[in-house]
Amino acid sequence: MSSEEVLTVKQVAEILKISEKTARKKLNNGEIKGFKVGREWRVSAEKFNEYLKQN
């Protein structure tokens, strides 16, 4: 993944092998760092890689 790449909730859920609902919960409570575009969450690949290394 390039550092400028942005992931959707669906992509995050697929990578972590969890449901999209669980991925959204992790974003809402700040466990995974993300940002909203309109009503939809997005996660930078760089922040997601940091999350993967820590967990």
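Refer to the structure above for everything that follows.
The rules we used
Residues numbered from 1 in each chain as written. Predicted model: local features only at pLDDT ≥ 70, side-chain atom pairs only at ≥ 80, totals over all residues. Heavy atoms only, no water. Pairing = 2+ DSSP bridges. Helix = DSSP H or I, 4+ residues; strand = E, 2+ residues; numbered from the N terminus. Core = buried A, V, L, I, M, F, W, Y, C linked by side-chain atoms within 4.5 Å. Buried < 20%, exposed > 50% of the residue type's maximum accessible area, 1.4 Å probe, protein only. Axes fitted to C-alpha atoms, helices over the stretch in contact; angles between N-to-C directions. Contact = heavy atoms within 4.5 Å.

Peer 1: Is there a simple way to explain the pairing of strand E3 (residues 40-44) in this structure?
Peer 2: A regular strand places its side chains on the two faces of the sheet in alternate fashion. As paired elements, strand E1 (residues 6-8) and E3 share three bridges and run antiparallel to each other. From the neighbouring strand, Leu-7 faces E3, where its bridge partner is Val-43. Judged from the three bridges that link them, strand E2 (residues 35-37) and E3 form a sheet pairing that is antiparallel. For Lys-36, the partnering residue across the bridge sits in E3 and is Trp-41.

Peer 1: Honestly, the nonpolar core in this entry has me stumped. Any pointers?
Peer 2: Side chains that are nonpolar tend, in soluble globular proteins, to be buried together. With 11 residues, the main nonpolar core is built from Leu-7, Val-9, Val-12, Ala-13, Ala-23, Leu-27, Ile-32, Trp-41, Val-43, Phe-48 and Tyr-51. Among the secondary structure elements, those contributing two or more residues to this core are helix H1 (9-16), helix H2 (20-28), E3 and helix H3 (45-54). If you tally residues by element for this core, the top one is H1, at three residues.

Peer 1: Sorry, what's going on with the sheet that holds E1 here?
Peer 2: Through backbone hydrogen bonds, the strands of a sheet pair up, either in parallel or in antiparallel fashion. Spatially, E1-E3-E2 is the arrangement adopted by the three strands of the open sheet, whose pairing is antiparallel. Whereas interior strands pair on both sides, the edge strands pair on one side only; in this sheet they are E1 and E2. Between one strand axis and the next, the sheet turns by 45° as a mean value, whatever way the strands run. The sheet contacts of H1 involve E1 and E3, and relative to E1 the element is tilted by about 85°. Where H3 meets the sheet, its contacts fall on E1 and E3, and the angle it forms with E3 comes to roughly 75°.

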